[in-house]
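So the chains spell out like this:
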Amino acid sequence: MATLAVPVLLGQAPTSQGLTFVVLTYTMAAHQRPRPAALAASLIWVPVVLANLVVPADGVLDVGPAYLVLNNLLAASGAYAVGRAVRARQQSTRMLRERARVAEATQRSLAEQAVTDERRRIARELHDVVAHQVSVMGVLATGARRVLRRDPDAADAAMATVEETGRATLRELRRLLDVLRTDAEPAAELAPQPGLTGIEALVEQVREAGLPVTLRVDGRFGPLEEGVALTVYRIVQEALTNALKHAGAATALVRLTITDDFLAVEVTDTGRGPAPLPDRIGHGLVGMRERVALYGGILRTGPRTGGGFRVYARIPLESAGAVAA
């Protein structure tokens, strides 16, 4: 605004003065919302118009006040319009980019969902094949056992068929696992899956990590299904890991109970437990629940009376015993 006095004081109007007003108007219009941009244009050009009307331009410009006002209004309108057009183009470009990003993400999600659906369909088909082959093996094994003493040759032929079918079933199972495995999963380890015998070593590792743990076993462990043993191991592993993270200065107790009917595992600690988070369930608890539900068991987790946290799982053994029989 102070530069409006330059033509009066110096007797000449520098070109850079008008250019400065135009640049300021364009900049505000191109980078601000409509209201601030319009307010800035008014604050810039209203004094200019008033100066054109009040201050005489004799000796400085050979034009009348009306021409100066019209010329400045046209310059202000042009600069403001160009600035708003540039801003609208920038916003449109950003919207188009965002839409393209959303469309790409949606397309990727749809593609992943299609792959997942196809994998499920193939897995169901392979599951039917494997179930049929296992059923055939069971029938052949039963027939071979019944005719073993009467007709050894027929029993031998049946067992040979069982052997061939078993190998084919194993190949189908491997294909089934390949279909269900995702790219995000780590490569399979060559070491055997842990079981009940690995719980003692796991407890010792947790002790070395700083959490005093006591292992108590009630009952006698006999032949146990590998899947059940792995489930118990993972439950103990997850529960002790959570105790290390959240219990603080505390002690833990791992208790295994086995009877003819069920296998129970209980992991308790005397710590403060995890902080309550509404509407959020940890992946570890979900994984434990899924593993236990797979074998028809129950899982209970939560704070224990007197402080601390408790994880309790009970898995029935009738189905495993029936299969073994």
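Just so we're clear, the structure is a prediction, and the values are computed from it rather than from any experiment.

Considering the environment of Gly 78
Okay, step 1: Secondary-structure assignment places Gly 78 in helix H4 (residues 65–147).
Okay, step 2: Accessibility expressed as a relative area gives 32% for Gly 78, which makes it partly exposed.
Okay, step 3: Sequence separation between Gly 78 and Val 22 is 56 residues; the distance between their C-alpha atoms is 8.6 Å.

Examining the side chain of Asn 72
Okay, step 1: Mapped onto the elements, Asn 72 comes out in helix H4.
Okay, step 2: What Asn 72 contacts, discounting residues up to four positions off in sequence, is Trp 45, Val 48 and Asn 52.

Structural notes on the nonpolar core
Okay, step 1: Val 213, Val 236, Leu 240 and Val 265 are the most contacted members of the largest nonpolar core, which totals 32 residues.
Okay, step 2: Counting residues per element, the ones that place at least two in this core are helix H6 (199–209), helix H7 (226–246), strand S2 (252–258), strand S3 (262–269), helix H8 (283–294) and strand S5 (309–316).
Okay, step 3: Element by element, the count of residues in this core is highest for H7, at eight residues.
Okay, step 4: Ile 44, Trp 45, Val 48 and Ala 76 belong to the second largest nonpolar core, which has five residues in total.

A short note on the sheet that holds strand S1 (residues 213–218)
Okay, step 1: In spatial order, the strands read S1-S2-S3-S5-S4; together these five strands make up an open sheet with mixed pairing. Every interior strand has two partners, whereas the edge strands, S1 and strand S4 (298–303), have only one. If you compare each strand with its neighbour and ignore which way they point, the axes differ by 10° on average.
Okay, step 2: When S2 meets S3, the two strands line up antiparallel, connected through seven bridges. In the strand pairing of S3, Leu 256 is matched with Val 265.
Okay, step 3: H6 rests against S1 and S2 of the sheet, and its axis sits at about 160° to S1.

Observations concerning the pattern of salt bridges
Between side chains of opposite charge, a pair can form when the charged atoms approach closely.
Okay, step 1: If you walk through the whole model with that rule in mind, you get six salt bridges.
Okay, step 2: A salt bridge links Glu 163 to Arg 167; the shortest N-O distance between them is 2.7 Å. Residue Glu 163 and its partner Arg 167 are located together in helix H5 (residues 152–180), separated by four residues, close to a single helical turn.
Okay, step 3: Take Arg 167: its relative accessible area is 52%, and that puts it in the exposed class.

Details of the side chain of Thr 169
Okay, step 1: With respect to the secondary-structure elements, Thr 169 resides in helix H5.
Okay, step 2: Among all residues touching Thr 169, those that are not within four sequence positions of it are Val 130, Gln 133, Val 134 and Met 137.

Topic: the packing of aromatic side chains
Okay, step 1: Under the counting rule described, the total for this entry stands at one aromatic pair.
Okay, step 2: Relative to Trp 45, the ring of Phe 21 lies with its centre 5.7 Å away and its plane at 55°, an arrangement referred to as tilted. One end of the pair, Phe 21, is in helix H2 (residues 15–31); the other, Trp 45, is in helix H3 (residues 34–54), and 24 residues separate them in sequence.
Okay, step 3: Judged by its relative accessible area of 7%, Phe 21 is buried.
Okay, step 4: On the basis of relative accessibility, which here comes to 7%, the residue Trp 45 falls in the buried class.

Rules used throughout
Residues numbered from 1 in each chain as written. Predicted model: local features only at pLDDT ≥ 70, side-chain atom pairs only at ≥ 80, totals over all residues. Heavy atoms only, no water. Helix = DSSP H or I, 4+ residues; strand = E, 2+ residues; numbered from the N terminus. Buried < 20%, exposed > 50% of the residue type's maximum accessible area, 1.4 Å probe, protein only. Contact = heavy atoms within 4.5 Å. Core = buried A, V, L, I, M, F, W, Y, C linked by side-chain atoms within 4.5 Å. Pairing = 2+ DSSP bridges. Axes fitted to C-alpha atoms, helices over the stretch in contact; angles between N-to-C directions. Salt bridge = Lys/Arg side-chain N within 4 Å of Asp/Glu carboxyl O. Phe/Tyr/Trp six-rings, centres within 6.5 Å; stacked < 30°, edge-to-face > 60°.

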